[in-house]
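In case you want the letters, here they are:
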Amino acid sequence: MIRRRSLLTFAGAGGAALTLPGAAVAHAAPTSSPAPTSSPAPTSSPVTGPATGPGPIDLPGPTVRRTVGTVSLRLVDENRQDPFAPVPGPRELMVQLWYPATGTAGRARAAYATARVAAALDRTAFLDPGTLGRLRPTARVAAPPVPGALPLLLLGHGRKGGRSNCTALAEELAAHGYLVASLDHTYDAAAVEFPDGRVVLSVLEDEPADWDAAERKEIGVRAADLRFVATELTTGRTLRRHPGLPCADPARIGVLGHSMGGAAAAEAVRQDRRFAAGLDLDGGLFGSPVPEEGLDRPFLLFTALDDHDTWRRWREHQRGWGRHLRQRDSGHLSFTDLPHAAGPGHLAEHVPPEVCAQLFGTIAPERATELARTYARVYFDRFLRGRPSPLLNAPSPRHPEISFVWSRG
């Protein structure tokens, strides 16, 4: 089931699961970085190039000169029992917010993950010890948010991933005026650290005896998590408990995710009419009725694999606006931050070459990040802000790696 698993999580050597690096990121905010050039970056292997020294590994900064702030929250759903917890209790989540900020005075630059989570993720992602501790976002901890209600984007990780997996994407969207809320799906995420110091590891089986039942349960829990966080951030309850947080606009909510996070995004759109648009980054549409029912609202499928049975079925039944775009020369993890850490962390020395090819393709990390950022931004700009873009209508000579597999609307 390598193909099935590859659209949910990482496939590693000998059937072992590689877990995405992600987890309790500290609060962050960005510095500026020059806008991308119009010509495509050259492709090269992201895991075989020269390794950097022991210093920091900087993630690409946002492409606009706007400060980004970040803060992490513990949220508890008192109305829902956690189906994965060994001891019965309410569902407990860590959520990280990225948002446009007004300044950075006195605000520390965020870490990618807490020290304990980063160390755990280095092991599960087959990276050299200390690699993810060197990875640096650009956001600033608890920087003051801009005033006014912001369009809200809920961001989900892959199976056994973590909320920091798409930090570069989250920072870019925040710099362009979005409030991005990235969730750790507790007991699914590789490692989650709570404010009291508890670290909760994933309890998911690498190879469930019944994949269909496992996926239905996991997607159901994830969709409920997304709906709960949307409620918390748009009803004022969280703001009352945590004054100074950015304000979310309840009339403009989108949801996106990588791998299984993309499947959960689709199911959340199916369940909840508050979600105006969804985006799936290379996730098989397992665990829900979406392939058989389609969706009546916009949905963008952005993939590395050319096609998949669940995607074909979704295209046959999609009722609302839809696109399936494919990114050439990419792998399943090209839509995450991991390509930026794989070389410095010598991942290629720890997993077989065919696994590296499946996970990363040959596209340069900087180019992969640029493309994911560009298409995610123009998509949500269209459906949450009413700003059409020709990039969603036809292939672009500026982005020759992107092909249109299918279009509706």
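Placed above this text is the structure.
All figures in this text were calculated on a predicted structure; none of them were measured in a lab. (Residues numbered from 1 in each chain as written. Predicted model: local features only at pLDDT ≥ 70, side-chain atom pairs only at ≥ 80, totals over all residues. Heavy atoms only, no water.)

Caption draft 1: Broad picture of the pairing of strand β9 (residues 179–184). Taking burial as the measure, the 6 residues of β9 include 6 buried ones, the bulk of the element. Here 5 bridges tie strand β5 (residues 90–100) to β9, and the two strands are oriented antiparallel to one another. Across the sheet, Leu97 pairs through a bridge with Ala181, a residue of β9. In this sheet, β9 lies alongside strand β8 (residues 149–156) in parallel orientation, the contact comprising 4 bridges. (Buried < 20%, exposed > 50% of the residue type's maximum accessible area, 1.4 Å probe, protein only. Helix = DSSP H or I, 4+ residues; strand = E, 2+ residues; numbered from the N terminus. Pairing = 2+ DSSP bridges.)

Caption draft 2: Spotlight on the pattern of salt bridges. Scanning the model with the defined rule gives 32 salt bridges in all. Where Arg163 meets Asp184, a salt bridge forms, and the shortest distance between an N and an O atom there is 2.7 Å. Residue Arg163 is located in the loop between β8 and α4 (167–175), and its partner Asp184 is located in strand β9; the two are separated by 21 residues in the primary sequence. For the pair Arg163 and Asp184, one class covers both residues: buried. Note that Arg297 is salt-bridged to Asp296, the shortest N-O span being 2.9 Å. Connected through shared salt-bridge partners, Asp77, Arg80, Asp82, Arg91 and Asp225 make up one network. (Salt bridge = Lys/Arg side-chain N within 4 Å of Asp/Glu carboxyl O.)

Caption draft 3: How the structure looks around the side chain of Thr234. Structurally, Thr234 is set in helix α5 (residues 211–234). A polar contact is formed between the side chain of Thr234 and the backbone oxygen of Ala230, at a distance of 2.6 Å. Apart from residues no more than four positions distant in its own chain, Thr234 is found in contact with Leu152, Ala248, Pro250, Ile253 and Arg274. (Polar contact = N/O pair within 3.5 Å; in protein donor to acceptor, adjacent residues only side chain to side chain. Contact = heavy atoms within 4.5 Å.)

Caption draft 4: Just the sheet that holds β8, in detail. Taken together, 10 strands build an open sheet; the order of strands is β7-β4-β5-β9-β8-β12-β13-β14-β15-β16 and the sheet is mixed. Strand pairing shows two members of the sheet lacking a second neighbour, β7 (140–141) and β16 (402–408), which therefore form its edges. As paired elements, β8 and strand β12 (residues 247–258) share 8 bridges and run parallel to each other. Residue pairing for β12: Gly156 is matched across the bridge by Gly257. The sheet strands contacting α4 are β4 (68–81), β5, β8, β9, β12 and β13 (275–281), and the helix crosses β5 at an angle near 55°. (Axes fitted to C-alpha atoms, helices over the stretch in contact; angles between N-to-C directions.)

Caption draft 5: The arrangement of the side chain of Glu267 in detail. Relative to the assigned elements, Glu267 resides in helix α7 (residues 260–271). Relative accessible area serves as the criterion here: at 4%, Glu267 is assigned to the buried category. Separated by 2.7 Å, the side chains of Glu267 and Gln271 make a polar contact. The residues touching Glu267, leaving out its near neighbours within four places in the chain, are Ile219, Ala223, Ser288, Pro289 and Val290.

Caption draft 6: How the structure looks around unusual backbone geometry. The phi angle at Ala142 is positive, at roughly 55°, despite the residue not being glycine. The topology assignment puts Ala142 in the loop between β7 and β8. Under the relative-accessibility criterion, Ala142 is labelled partly exposed at 28%. Residues other than glycine seldom take positive phi values, yet Asp282 does so here, at roughly 60°. Considering the arrangement of structural elements, one finds Asp282 in the loop between β13 and α8 (290–293).

Caption draft 7: Structural context of helix α11 (residues 353–360). For α11, the set of buried residues is Val355, Cys356, Leu359 and Phe360. On an axial view of α11, the arc spanned by its buried residues comes to 105°, and they lie on one face. Facing away from the buried side of α11 by over 90 degrees, the exposed positions are Pro353 and Glu354. Within two residues after α11, Gly361 carries a phi angle of roughly 60°, on the positive side. (Arc of directions from axis to C-beta.)

Caption draft 8: Geometry of the packing of aromatic side chains. Using the criterion set out here, one finds 8 aromatic pairs in the structure. Ring geometry for Phe299 and Trp314: centres 5.7 Å apart, planes at 70°, overall edge-to-face. Of this pair, Phe299 sits in strand β14 (residues 299–303) while Trp314 sits in helix α9 (residues 309–317), and the two are 15 residues apart along the sequence. Geometrically, the ring pair formed by Trp314 and Trp406 is edge-to-face, given 5.1 Å between the ring centres and 65° between the ring planes. One end of the pair, Trp314, is in helix α9; the other, Trp406, is in strand β16, with 92 residues separating them in the sequence. Exposure remark for Trp314: the relative accessible area of 0% places this residue in the buried category. What links up through ring pairs into an aromatic cluster is the set Trp321, Tyr379, Phe380 and Phe383. (Phe/Tyr/Trp six-rings, centres within 6.5 Å; stacked < 30°, edge-to-face > 60°.)

Caption draft 9: Examining the environment of His176 more closely. Following the sequence through the fold, His176 ends up in the loop between α4 and β9. For the pair formed by His176 and Val68, sequence separation is 108 residues and the distance between their alpha carbons is 9.4 Å. Once residues lying within four places of it in the same chain are set aside, the contact partners of His176 are Thr63, Val64, Arg66, Arg377 and Arg385.

By themselves these figures say nothing about function.
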